[in-house]
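Spelled out from the first residue to the last, the chains are:
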Amino acid sequence: MMRPFHLAFPVTDLRAARQFYVNLLGAEPGRSTDHWADFDLFGHQLSAHQVDRLPAPAGFSDVDGKPVPVPHFGVILAWHEWEMLAVRLADAGQDFILAPHVRYAGQAGEQGTFLLYDPAGNALEFKAFRRSNEVFA
């Protein structure tokens, strides 16, 4: 049985974070104060904490020939959930760091993936594996 993870992360505008995570990504709102807010994102607990500014990104890493921002976080979804989220984001006019595409096609670990920034500049990756038993392949 998979257990949910907890991630506390910085945001510069808590209101914008609520809009993005709840209205765009479909997270369920949880407990909150004027300084932080919890979200249930696909069964995982995210805690957005208000800060004055975000630290500078560490950089980018080459993954399958494409630059991927580091750090980033996200969720591994079922293939149909990933496709539905990608369509919902595209239909909403969301800009992508990396548009939805299939990485490692025909190979072990074949996955659909896309990356985007939240309003504070946190990089998020959502992916789905063609064969769920190959997450660590």
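Just above, that's the structure.
Since this is a predicted model, take the numbers as computed values, not measurements. (Residues numbered from 1 in each chain as written. Predicted model: local features only at pLDDT ≥ 70, side-chain atom pairs only at ≥ 80, totals over all residues. Heavy atoms only, no water.)

Caption draft 1: Just the sheet that holds strand E8 (residues 98–103), in detail. The mixed open sheet is built from four strands, whose spatial order is E7-E10-E9-E8. A single partner strand is all that each edge strand has here, and the edge strands are strand E7 (73–77) and E8. If you compare each strand with its neighbour and ignore which way they point, the axes differ by 15° on average. In this sheet, strand E9 (residues 111–117) lies alongside E8 in antiparallel orientation, the contact comprising four bridges. Pairing of Leu98 across the sheet is with Leu115, part of E9. Its contacts with the sheet put helix H2 (residues 79–91) on E7, E8, E9 and strand E10 (123–129), and the angle it makes with E9 is roughly 35°. (Pairing = 2+ DSSP bridges. Helix = DSSP H or I, 4+ residues; strand = E, 2+ residues; numbered from the N terminus. Axes fitted to C-alpha atoms, helices over the stretch in contact; angles between N-to-C directions. Contact = heavy atoms within 4.5 Å.)

Caption draft 2: Structural detail: the packing of aromatic side chains. Applying the stated criterion across every chain, the model contains nine aromatic pairs. Plain terms: the ring middles of Phe42 and Phe126 are 6.5 Å apart, the flat faces sit at 65° to each other, and that makes the pair edge-to-face. With Phe42 in the loop between strand E3 (36–41) and strand E4 (44–50) and Phe126 in strand E10, the pair connects residues that are 84 residues apart, well separated along the chain. With relative accessibility at 34%, the residue Phe42 sits in the partly exposed group. By relative accessible area, Phe126 is classed as buried at 0%. Of the aromatic side chains, those joined through ring pairs into one cluster are Phe42, Trp79, Trp82, Phe96, Phe114 and Phe126. (Phe/Tyr/Trp six-rings, centres within 6.5 Å; stacked < 30°, edge-to-face > 60°. Buried < 20%, exposed > 50% of the residue type's maximum accessible area, 1.4 Å probe, protein only.)

Caption draft 3: Summary view of the pairing of strand E6 (residues 66–70). Relative to E6, strand E5 (residues 59–63) runs antiparallel, the two sharing five bridges. Across the sheet, Phe60 pairs through a bridge with Pro69, a residue of E6. Hairpin geometry of E5 and E6 is characterised by an intervening segment of two residues between the two adjacent antiparallel strands and by a positive phi of about 55° at Asp64.

Caption draft 4: Geometry of helix H1 (residues 14–24). Every buried residue of H1 is listed here: Leu14, Ala17, Phe20, Tyr21 and Leu24. The buried residues of H1 all sit within an arc of 155° when viewed along its axis, so they share a single face. What points out from H1, more than 90 degrees from its buried face, is the exposed set Arg15 and Asn23. Backbone nitrogen of Arg15 and a side-chain oxygen of the N-cap are separated by 3.1 Å at the start of H1; the cap is Asp13. Gly26 sits one or two residues past H1 and shows a positive phi near 90°. (Arc of directions from axis to C-beta. Polar contact = N/O pair within 3.5 Å; in protein donor to acceptor, adjacent residues only side chain to side chain.)

Caption draft 5: Quick peek at the pattern of salt bridges. Counted according to the given criterion, the structure contains six salt bridges. In this structure, Arg131 and Glu110 form a salt bridge, with 4.0 Å as the shortest nitrogen-oxygen distance. Taken together, the residues span a long stretch of sequence, with Arg131 in the segment after E10 and Glu110 in the loop between E8 and E9 at a distance of 21 residues. Its relative accessible area of 10% is what places Glu110 among the buried residues. Here Lys127 and Glu125 are joined by a salt bridge, their closest N and O atoms 3.9 Å apart. Of the two residues, Lys127 and Glu125, both sit in the buried class. Connected through salt bridges with shared partners, the residues Glu110, Arg130, Arg131 and Glu134 form a single ionic network. (Salt bridge = Lys/Arg side-chain N within 4 Å of Asp/Glu carboxyl O.)

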